[in-house]
Amino acid sequence: MLQTPAYAAADGASPLAPFTIERREPRAHEVLIDILYCGVCHSDIHQARDEWGGNGIFPMVPGHEIVGRVVQIGDRVNKFKVGDAVGVGCFVDSCRVCPQCKSGEEQLCDQGMTATYNSRERDSKAPTYGGYSTRITVDEDYVLRIPESIPLDRAAPLLCAGITTYSPLKYYGVKAGDALAVVGLGGLGHMAVKIAVAMGAKVTVLSTSQNKRDDALALGAHAFAATREAATFKTLAGTFDFILDTVSAPHDYNAYLSLLKANGTMILVGIPDQPAPVAAGVLIMRRRKLVGSLIGGIRETQEMLDFCAAHGIASDIELIDIAQINGAYVRMIKGDVKYRFVIDTASLNAAG
Ligand code: NAP
Ligand code: ZN
Ligand code: ZN
């Protein structure tokens, strides 16, 4: 076993602190990856603080936006070689036999995907540990190739924020000229703007305050409105074909649904820790749809990475040392990050 420095939350009430984990030598179909960068997703905060139902597995090493280089391969690996730039996203295994796994939508596995952290290995039931660490061993079928043109630190957030926004835009059929509102300009939101603009959508950012107006337009959005200003909901009523809701905290879905045209679709990707009521009338009267989406499968994640490379898209990041992680969580909750924190995992060697 390989002793590996990491940062972990001891329980849902504790800040993250240094912790040592063991990674295994690669088995026949596995690669050992030296992690260079790991993005900080709001899902890391929800889980490290045990906000989703209180059944988190602790100690927890978060991190599912992992980029690094292959340093060792198993005997039967044929997709990757030592030195390749690779990524690992939100899951590292799945049942491989259910209809979703067979069709490349492993995130929807009937038996549940094995999440990169806060989950259990399918065989040993050992806890999985994420990317706030210096290396990880993963089956080659669950590893992505990072295109050469994307800087590795700015590629890390694509592994979750990128695919979580790309996949529903494709699946629900957002096309050139469609009016799309992106709600919440955080890590997911800023990727949604870049990707949707590249797909030709007419993008409006709906952000709580006016603070991010200039940024939104610089990211390529065509319009911007502040949702704490009541006039916004009057002016924009019935104007969008699609709404992509990336908000991490409880908010009034009905107010946003009223912004959809007839037959419009509101897609939830943000996962607040509390349920919110939905009024039947707001859906029924204009035959609106309220739907959800979960990350994306391995094949589509590779497609998204190649799409981003082709369109010159990468994440806007603030690179941090691991010692800054608890402060970064506080800043993210305040909406104070432009637009994704990424951990330089070299700092874990220093911290360890
Ligand atoms: P983030 O960077 O913290 O961004 C969330 C944004 O939500 C904030 O920047 C803010 O935007 C907005 N917001 C926060 N509190 C709000 C409130 N009370 N009312 C209205 N807007 C508010 O988070 P993220 O990493 O993008 O993740 C967003 C959510 O998606 C999280 O719940 C995360 O768990 C979830 N997620 C889901 C999937 C999936 O597969 N479905 C994958 C990854 C993440 P403004 O400052 O612009 O108002
Ligand atoms: Zn995530
Ligand atoms: Zn499956």
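Quick caveat, the model's predicted, so the values are computed rather than measured. (Residues numbered from 1 in each chain as written. Chains lettered and ligands numbered in written order. Predicted model: local features only at pLDDT ≥ 70, side-chain atom pairs only at ≥ 80, totals over all residues. Heavy atoms only, no water.)

Draft legend 1. Inspection of the coordination of the zinc ion (ligand 3) at higher detail. Those donors, C95 (SG), C98 (SG), C101 (SG) and C109 (SG), are the protein atoms that reach the zinc ion (ligand 3), and they lie 2.3 to 2.4 Å from it. Given 4 donor atoms and angles of 102 to 120° at the metal, the environment of the zinc ion (ligand 3) is assigned as tetrahedral. Written as a sequence motif, the donor arrangement for the zinc ion (ligand 3) is C-x2-C-x2-C-x7-C. Classification of C101 by relative accessible area gives buried; the value is 9%. (Donors = N, O, S within 2.8 Å, 3.2 Å for Na, K, Ca; no water. Tetrahedral: all angles 85-135°; square planar, octahedral: opposite > 155°, others 65-115°. Buried < 20%, exposed > 50% of the residue type's maximum accessible area, 1.4 Å probe, protein only.)

Draft legend 2. Expanded view of unusual backbone geometry. The residue after F58, namely P59, is reached through a cis peptide bond having omega -5°. The residue after K338, namely Y339, is reached through a cis peptide bond having omega -15°. With respect to the helices and strands, Y339 occurs in the loop between α11 (325–333) and β17 (340–344). Despite not being glycine, R96 shows a phi value in the positive range, around 75°. The topology assignment puts R96 in the loop between β6 (91–93) and α2 (99–102). The backbone phi angle of I295 is positive, close to 25°, even though this residue is not glycine. Along the chain, I295 falls in the loop between β15 (289–292) and α10 (298–310). (Helix = DSSP H or I, 4+ residues; strand = E, 2+ residues; numbered from the N terminus.)

Draft legend 3. Summary view of the site of ligand 1. Around ligand 1, the structure places 27 residues, and the nearest of them are H42, S207, T208, K212 and R340. Within the backbone of V269, a nitrogen or oxygen atom sits 3.0 Å from a nitrogen atom of ligand 1. A distance of 3.0 Å separates an oxygen atom of ligand 1 from a polar atom in the backbone of I271. Protein burial of ligand 1: of its 930 Å² of free accessible surface, 89% is covered by the chains. Among the secondary structure elements, those contributing two or more residues to the shell around ligand 1 are α1 (42–48) and α5 (187–198). It is α1 that contributes the most residues to the shell around ligand 1, 3 residues altogether. Its residues assigned to classes, the shell around ligand 1 comprises 12 nonpolar, 13 polar and 2 charged. Two domains each provide a minimum of three residues to the shell around ligand 1, namely domain 1 (2–160 + 315–351) and domain 2 (162–292). (Near = heavy atom within 4 Å. Polar contact = N/O pair within 3.5 Å; in protein donor to acceptor, adjacent residues only side chain to side chain. Areas by Shrake-Rupley, 256 points an atom, 1.4 Å probe, with all protein chains shown as cover. Nonpolar A, V, L, I, M, F, W, Y, C, P; charged D, E, K, R; others polar. Domains from an automatic or database assignment.)

Draft legend 4. A look at the layout of surface pockets. Empty space within the second largest pocket amounts to approximately 480 Å³. Where the lining of the second largest pocket is concerned, the elements lending two or more residues are β2 (16–23), β6 and β8 (135–139). Looking at the lining of the second largest pocket residue by residue, the classes come out as 8 nonpolar, 5 polar and 11 charged. (1 Å grid on protein atoms, 1.4 Å probe; cavity = no way out; pocket = protein on both sides within 12 Å on 5 of 7 lines; lining within 4 Å. Points joined across faces, edges and corners; volume = space filled by probe spheres on them.)

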